[in-house]
Each structure stands twice: as structure tokens, then as C-alpha cells.
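Analysis of the macromolecular model
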Amino acid sequence: MEIIKVEHVHKSFEDLTVLRDISFSVKQGEVLSIIGPSGSGKSTLLRCITNLEHVQSGSITIGGNILVSTPVGGKPVYAEHKTLQKVRLSVGLVFQNFNLFPHFSVLRNITEAQIHVLGMPKAQARKEALELLAKMGLSDKAAAYPFQLSGGQQQRVSIARALALKPQVLCFDEPTSALDPELTGEILEVIKELAAEKMTMVVVTHEMAFARDISDRVIFMDDGIIAEEGTPSEVFSNPKNERTKRFLSRFGA
Amino acid sequence: MGQLLILMLQGTFTSLKIFFLTLLFALPLGLLVARGRMSRHRIISSLVNIYILIMRGTPLILQLIFVYFAPYYVFGASADRFTAVIIAFVINYAAYFAEIYRGGIQSISYGQYEASSVLGFSKMHTFTHIVMPQVVKRIVPAMGNEVITLVKDTALAQTIGVAELFRVAQNAASREFSTLPIFIAGVFYFVMNSIVAKSFDLIEKKLDYYR
Ligand SMILES: Nc1ncnc2c1ncn2[C@@H]1O[C@H](COP(=O)(O)OP(=O)(O)OP(=O)(O)O)[C@@H](O)[C@H]1O
Ligand SMILES: [Mg+2]
């Protein structure tokens, strides 16, 4: 089953076109990596899927709910509030710079949405949040505040926060780029574990070895288009596109 | 002397009434004004901006006189003096508070809103539970300054004949040919502001648990 289906998406900021006719889909349990040079539109694509940006045309369907569709020759039509909320809850996003809530404890960062968005009873939210923290190896940090944690720990909290809503798919936008090199490993490890549990994921990353290792499929984006798409071995070992080749040789992958 | 102190305490009571009523109305009104100032509707934001410019660009003493006398020329009647004082102080302080709120709100990173949106929080929940608590922490020092100024500004109420602490002290001074009552008033203001400063210190400490 397709969890994410993106069809003919166009996105521009003023007169700068950032996404040109992007189409792809993500199946249940699949891990898709998106690679590509800076400015190629990777973040913008994730932000369109998570409804942080509106598209100029095209359609996006998530978990069977239509987030946006565009009738032929018309303007894009976004879902009404109830569906929008369903879509929001079915797709999680982990930010490059965590965006934790600094005034909430680690525990409350996770439970706030469980309680106020899902309407979960407090005791259950707490229990589930503590389980997630244990899974992230952060059991002893439940009462800490974000500023007391290392970058890697903060990013693990933000992953737990996203998982707490039980999304059908979890997106990552360069989850290790804001971290010191020695801390990237612990995040990549967590994502690997999630992949092993068959969590559906879309990962924008500059970690080529990692992308090659965990992905079922890789998309190479360049200048707003999908320049190449395939299994890791296809894209990394036998790239067909000239630009993919150049990009990969620069990254030494 | 006992007589004088009783009079001055009565004046102080009036000053405190002005102080607390101004805070009571101007703090929430300021938030509303700040939202208006940041409104996406050009007309609303520019009207609110003009209001803020006038409130900050003209003397409070002039605004007091205007609020008290203008209705008299238009309707042939004025609000009672004390009400006029409260209205003038509230609309003046709301403008200052609004700019402080606005600075605080705009200092919150966009990522906080984006995280809230992705987690499904409503706009209301995002504002009241994610944004505002962080804003409060950031504006405490600026608010402290403004509130200390308010304590001293209450002395302006006498311009339209409200017998607050300073007016009472002045009256006593001219009656008794002594500047002592004025110095006593000074001590009163100093004590009130010490309490204000201490309270803001406590609030700052209380919000010190995160960064
Ligand atoms: N809000 C915005 N307003 C205007 N232009 C934007 C905005 N967001 C992104 N852009 C532009 O869109 C293009 C694509 O940006 P995007 O962030 O999606 O690239 P990216 O592939 O994620 O790059 P990186 O690898 O550096 O993160 C860039 O040229 C960027 O300047
Ligand atoms: Mg990016």
C-alpha cells in the first residue's frame, strides 16, 4: 500500500521555481532516501508533504487521505480542516535543528501532543512517552529540559516526540546536519532500528554511506526535478544521469 | 504628623488603585494591540501603528488632559476624573506593552510554530501553550522597566485633579511650609518600586528553569 503519493507537484517562491513536476510514492514499510545538492528542493519537498508549504499545483495523498489535489487547469484544492488534521497526524517530521519546546520538560515535549491533540489520558500518554524514551536510551532524561541535553539527545527526543503520535510515515530533514560529527552515529543508529521495525520513512540526508545502507530506494534530486531514482545499488553504483555521477563523485560515495 | 501620614496613605491608596487598574486592563489590551500591529491586514496594522505612534509620541500628561476635556467639548460632559485617568493610562500603557509583546512574539523562532503545526496543535494552543510562555520569559526585564515607570507616572493623575500621593504631599507641603511631605512621598514611591523590582526579580528567577 502506498503511504505517500506525490503527483506532478510544482512549487515556487515568487518567481523562483523550486519543484518542477515531482512525482513519486512511498510504500508501507519502505525507507526512501532523498539526496541531492544544496538548493535542489529536498527540504521544500518534505515541507510540502508535511503541509508547511503549499504547492502551486499537483496532488499529494498521505495514508489514503488527499492533502491536496489540482483539477486539470485549475488551482490546487487543499483538504478541509478535519482531513488536514488526519493527514498531519499520519506524517511526522524530524527537523534538522530539533525544534523542541524549550519551556517543556523532555517528557512534556512528548506528551503535550498526545494529550492535547490525540486526547489521550495523561497516565497513558506518560506511560507511552516513557517507553519511547527508554527505546531512545533516554530514560534518565524525562525530567530534564532540552537545554540540558546534548544535540544528539535532543534529536532523539524530537524523534520520540514525532513517534508518540504513531504516524504512518516519518520524515527526516537532514537529522544529523546540526550535530557534531561524533554525535551523528547515535541518530543514524536510531533510524536504522526504526527501519528494522519496518517503520515507513523518508530521509533527506547528506550521509551517502548511510543512505546506501538503510534505503530501499533512493531519489536523487537536482534543480527541482527527480534526476534519478532506484535501489541504492542502482543509484550509487550505476548512476545513469551525468549529474548524479558528478554529485556522487564529489561526495566520494 | 499622624494626620499627615493618614492623608498620605489615602493618597497612596489612590495611586495604587491607578497602578493596579492600569495593569489589569493594559496588560491584556496590549496583547490585543500587538496582535493588531502584526495583523496581515494592512488597514488594521497601519491603524494600530498610528495609535501606537500617537501614544508613544505625545506626553502622557497631554493625553490625560485630552481624555478628560475632549468629551466635554464634544458631548458637553466629561467622564469623572478618576475614570478619565484610568482610560488615559490604560490606552497609553497598552501601546507600550504592545511593543514589548510584539518584540517578544517576533523573537520566537519560526521552528516553534512549524513543530507545533506538524504535531497537530491548533493555532490557539500553539499561541497559548508554546509561544506565550516563552514570550513571557523574554519580556520580563522590559516589562519590569515599564511597570516601574508606571508607579512614578501615577503622579501625573493630579493634572486633572485626582488626589493621588504626590498631590496630597504637595498640598501638605504648601499648607505647612515644609518640603518634608514631598520627601516622605519620595520614600513611598521608592518603597513601592522596590517591591515591584523585587517581584520582577522573583518572576525572572521562577522562569530560570529553562533556556
Ligand atoms: N521560504 C522560502 N522563500 C524563498 N525561497 C525559498 C524558501 N525556502 C526555500 N527557498 C529556496 O528554494 C530552493 C530550494 O531550497 P531547499 O531548502 O528545498 O533546498 P535543499 O535541497 O533542502 O537544500 P539543502 O541541502 O541546502 O538543505 C533554494 O533556492 C532556496 O533558496
Ligand atoms: Mg534542506
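Note that the structure is predicted; figures quoted are calculated from it, not measured.

Brief notes about the side chain of Asp222(A)
Residue and element names in this part refer to chain A. Looking at the element boundaries, Asp222 is found in strand β10 (residues 217-222). In this structure Asp222 comes out as buried when scored by relative accessible area, which is 11%. Beyond its immediate sequence surroundings of up to four residues, Asp222 is in contact with Pro37, Ser40, Ala227 and Arg243.

A closer look at the packing of helix α1 (residues 2-37) of chain B against helix α6 (residues 123-153) of chain B
All names here are of chain B. Between α1 and α6, whose axes approach to 12 Å, the crossing angle comes to 135°. Classified by the interaxial angle, the pair formed by α1 and α6 is oblique. Crossing handedness for the pair α1 and α6: right-handed. Of the residues in α6, those in contact with Phe19, Thr22, Leu23, Leu27, Leu31 and Arg35 of α1 are Phe127, Met132, Met143, Val147, Leu150 and Val151. Of the residues assigned to the contact of α1 with α6, the class counts are 10 nonpolar, one polar and one charged.

Re the environment of Glu128(A)
Residue and element names in this part refer to chain A. Examined against the element boundaries, Glu128 turns out to sit in helix α4 (residues 122-135). Among residues more than four places away in sequence, those in contact with Glu128 are Gln114, Met120 and Lys166. Within the structure, Glu128 has its side chain in polar contact with the side chain of Lys166 (distance 2.8 Å).

A look at the sheet that holds strand β3 (residues 31-35) of chain A
Residues and elements named next belong to chain A. Reading across the sheet, the six strands line up as β7-β8-β9-β3-β10-β11 and stay open at both edges, with mixed pairing between neighbours. Each edge of the open sheet carries a strand with a single partner, namely β7 (91-94) and β11 (225-230). Pairs of neighbouring strands in the sheet enclose a mean axial angle of 20°, with direction left out of account. Two strands pair when backbone bridges link them, and strand β8 (residues 169-173) and strand β9 (residues 201-204) are joined in this way by four bridges, in the parallel orientation. When the sheet's bridge partners are listed, Leu170 is paired in β9 with Met201. Across the sheet, helix α1 (residues 42-49) is in contact with β3, β7, β8, β9 and β10; its angle to β8 comes to roughly 150°. Relative to the sheet, helix α5 (residues 151-163) contacts β7 and β8, its axis offset from that of β7 by approximately 170°.

Quick look at the site of ligand 1
Residues and elements named next belong to chain A. Taken together, 13 residues surround ligand 1, and among them Ser38, Gly39, Lys42, Ser43 and Thr44 come closest. Gly39 is positioned such that a nitrogen or oxygen atom in its backbone is 2.8 Å from an oxygen atom of ligand 1. In the model, an oxygen atom of ligand 1 is placed 3.2 Å from a nitrogen or oxygen of the Glu174 side chain. Considering ligand 1 on its own, with 630 Å² of exposed area, one finds that the protein chains cover 60% of that surface. Elements represented by at least two residues in the shell around ligand 1 include exactly β2 (16-27) and α1. By residue class, the composition of the shell around ligand 1 is four nonpolar, seven polar and two charged.

Brief notes about the nonpolar core
Residue and element names in this part refer to chain B. Membership of the largest hydrophobic core comes to 56 residues, with the highest contact counts inside it found for Met8, Val85 and Phe89. Broken down by secondary-structure element, the contributors of at least two residues to this core are α1, α2 (42-57), α3 (60-75), α4 (81-106), α6, α7 (165-176) and α8 (180-206). Broken down by element, this core gets its largest block of residues, 14 residues, from α4. Residue contacts for Phe89: discarding those within four places in its chain leaves Ile18, Thr22, Leu60, Leu64, Leu150, Asp153 and Thr154.

Structural notes on the sheet that holds β2(A)
Residue and element names in this part refer to chain A. Strand order in this open sheet of five strands is β2-β1-β4-β5-β6, and the pairing throughout is antiparallel. In this open sheet, the two strands that pair with only one neighbour each are β2 and β6 (77-78). Looking at chain direction, strand β1 (residues 2-13) and β2 are connected through eight bridges and run antiparallel. The residue of β2 that forms the bridge with Val9 is Ile22. Most of the contacts of α1 go to β2, to which it runs at about 60°, and overall it touches β1, β2, β4 (57-62) and β5 (65-69). On the sheet, helix α2 (residues 81-90) packs against β4 and β5 and is oriented at approximately 110° with respect to β5.

Let's talk about the interface of chain B and chain A
Buried accessible area, meaning the area lost when the parts come together, often serves as the stated size of an interface. At the interface, 18 residues of chain B touch 25 residues of chain A. Together chain B and chain A conceal approximately 2,000 Å² of surface at their shared face, both sides included; 64% is due to carbon and sulfur atoms. Area buried by chain B at its contact with chain A is led by Val118(B), Leu119(B) and Tyr209(B), which between them contribute 31% of it. The interface formed by chain B and chain A includes one salt bridge. At the boundary of chain B with chain A, the tally comes to eight residue pairs in polar contact (both at pLDDT 80 or more). For the side of chain B that touches chain A, the secondary structure elements donating two or more residues are α5 (110-118) and α6 of chain B. Broken down by element, the side of chain B that touches chain A gets its largest block of residues, seven residues, from α5(B). Here the side of chain B that touches chain A is built from residues that sort into eight nonpolar, eight polar and two charged.

Some details on the confidence of the model for chain B
Note that predicted coordinates carrying low pLDDT should not be read in detail. The predicted model of chain B has a mean per-residue pLDDT of 95, with 100% of residues at 70 or higher. The ipTM for the predicted assembly is 0.95, set against a pTM of 0.93.

Describing helix α9 (residues 242-251) of chain A
Residue and element names in this part refer to chain A. Those residues of α9 lying buried are Thr244, Phe247 and Leu248. Down the axis of α9, the sector holding all buried residues measures 95°, keeping them to one side. Exposed positions of α9 whose direction lies more than 90 degrees from the buried face are Arg246, Ser249 and Arg250. Against the buried residues of α9 lie β3, α7 (208-214), β10, β11 and α8 (232-237).

Brief notes about the layout of surface pockets
A volume near 1,200 Å³ is recorded for the largest pocket. Around the largest pocket, the lining is made up of 31 residues, and of these Arg40(B), Tyr110(B), Tyr113(B), Lys123(B) and Thr126(B) lie nearest the centre. Those elements giving two or more residues to the lining of the largest pocket turn out to be α2 of chain A together with α4, α5 and α6 of chain B. In terms of residue count, the dominant contributor to the lining of the largest pocket is α6(B) (six residues). Grouping the amino acids of the lining of the largest pocket by side-chain chemistry returns 12 nonpolar, 13 polar and six charged.

Thresholds applied
Residues numbered from 1 in each chain as written. Chains lettered and ligands numbered in written order. Predicted model: local features only at pLDDT ≥ 70, side-chain atom pairs only at ≥ 80, totals over all residues. Heavy atoms only, no water. Helix = DSSP H or I, 4+ residues; strand = E, 2+ residues; numbered from the N terminus. Buried < 20%, exposed > 50% of the residue type's maximum accessible area, 1.4 Å probe, protein only. Contact = heavy atoms within 4.5 Å. Axes fitted to C-alpha atoms, helices over the stretch in contact; angles between N-to-C directions. Parallel < 35°, antiparallel > 145°, perpendicular 65-115°, else oblique. Left-handed = near helix turned anticlockwise from the far one by under 90°. Nonpolar A, V, L, I, M, F, W, Y, C, P; charged D, E, K, R; others polar. Polar contact = N/O pair within 3.5 Å; in protein donor to acceptor, adjacent residues only side chain to side chain. Pairing = 2+ DSSP bridges. Near = heavy atom within 4 Å. Areas by Shrake-Rupley, 256 points an atom, 1.4 Å probe, with all protein chains shown as cover. Core = buried A, V, L, I, M, F, W, Y, C linked by side-chain atoms within 4.5 Å. Buried area = accessible area lost by both parts, 1.4 Å probe. Salt bridge = Lys/Arg side-chain N within 4 Å of Asp/Glu carboxyl O. pLDDT = per-residue confidence, 0-100. Arc of directions from axis to C-beta. 1 Å grid on protein atoms, 1.4 Å probe; cavity = no way out; pocket = protein on both sides within 12 Å on 5 of 7 lines; lining within 4 Å. Points joined across faces, edges and corners; volume = space filled by probe spheres on them.

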